[in-house]
Amino acid sequence: MSSRRTLAGVPDGGAALVLAVDAGAKARARLESMGIIPGIEVDVLNNGSGPLIVSVGEGRIMVERGVAARVLVA
């Protein structure tokens, strides 16, 4: 059983510290352009069906569920 926690597993209202992005260069670059980089804290506003809605700094963004599963968090 893996103890790997990802952004996709953070519930509504939860906060997480981004540790790493385990994705290809294109997905990693897209996340970086939206402010999701190691060391940043994100707040999950909605983790229902479909994409996640997260708050990064003063902005809100949508992150596809498959991509969120590649963002390692603490």
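Each chain carries its own residue numbering, running from 1 in the written order of its sequence. In view of the model being predicted, local features appear only for residues whose pLDDT reaches at least 70, and side-chain atom pairs are presented and counted only at 80 or more, with totals across whole chains, interfaces and linings using the full set of residues. Note that the side-chain values use all heavy atoms of the structure and ignore hydrogens as well as water.

1. Let's talk about the pairing of strand 4 (residues 59-63)
Sheet faces and side chains relate simply in a regular strand, where the side chains alternate between the two faces. Which entries qualify depends on this criterion: Here, strands pair whenever DSSP counts at least two bridges between them. A run of H or I in DSSP counts as a helix once it spans at least four residues, and a run of E counts as a strand once it spans at least two, with each numbered from the N terminus.
Where strand 3 (residues 52-56) and strand 4 come together, 5 bridges link them in antiparallel fashion. For Ser-55, the partnering residue across the bridge sits in strand 4 and is Arg-60. What sits between the antiparallel neighbours strand 3 and strand 4 is a turn of 2 residues, in which Gly-57 has the positive phi angle 60 degrees.

2. Topic: the side chain of Ser-55
Formally: Between buried and exposed lies partly exposed: a residue is buried under 20% and exposed over 50% of the maximum accessible area for its type, with that area taken using a 1.4 Å probe on protein chains only. Contacts are residue-level and defined by heavy atoms, with any inter-residue pair within 4.5 Å sufficient.
Assignment of secondary structure puts Ser-55 in strand 3. Note on Ser-55: relative accessible area 14%, which makes it buried. When sequence neighbours within four positions are dropped, the list of residues in contact with Ser-55 reads Glu-41, Val-42, Asp-43, Leu-45 and Arg-60.

3. A look at the side chain of Thr-6
Residue placement: Thr-6 occurs in the segment before strand 1 (15-21). On the basis of relative accessibility, which here comes to 13%, the residue Thr-6 falls in the buried class. Non-local contacts of Thr-6, meaning those with residues more than four positions away in its chain, are made with Ala-68, Ala-69, Val-71, Leu-72 and Val-73.

4. With respect to the pairing of strand 2 (residues 41-46)
The pairing of strand 1 with strand 2 spans 3 bridges and is classified as antiparallel. Paired with Ala-15 across the bridge in strand 2 is Asp-43. Pairing between strand 2 and strand 3: 4 bridges, direction antiparallel. Bridging across to strand 3, Val-42 finds its partner in Val-56. Linkage of strand 2 to strand 3, two consecutive antiparallel strands, is achieved through a turn of 5 residues, within which Gly-50 is found at a positive phi near 85 degrees.

Read these as spatial facts, not as claims about activity.
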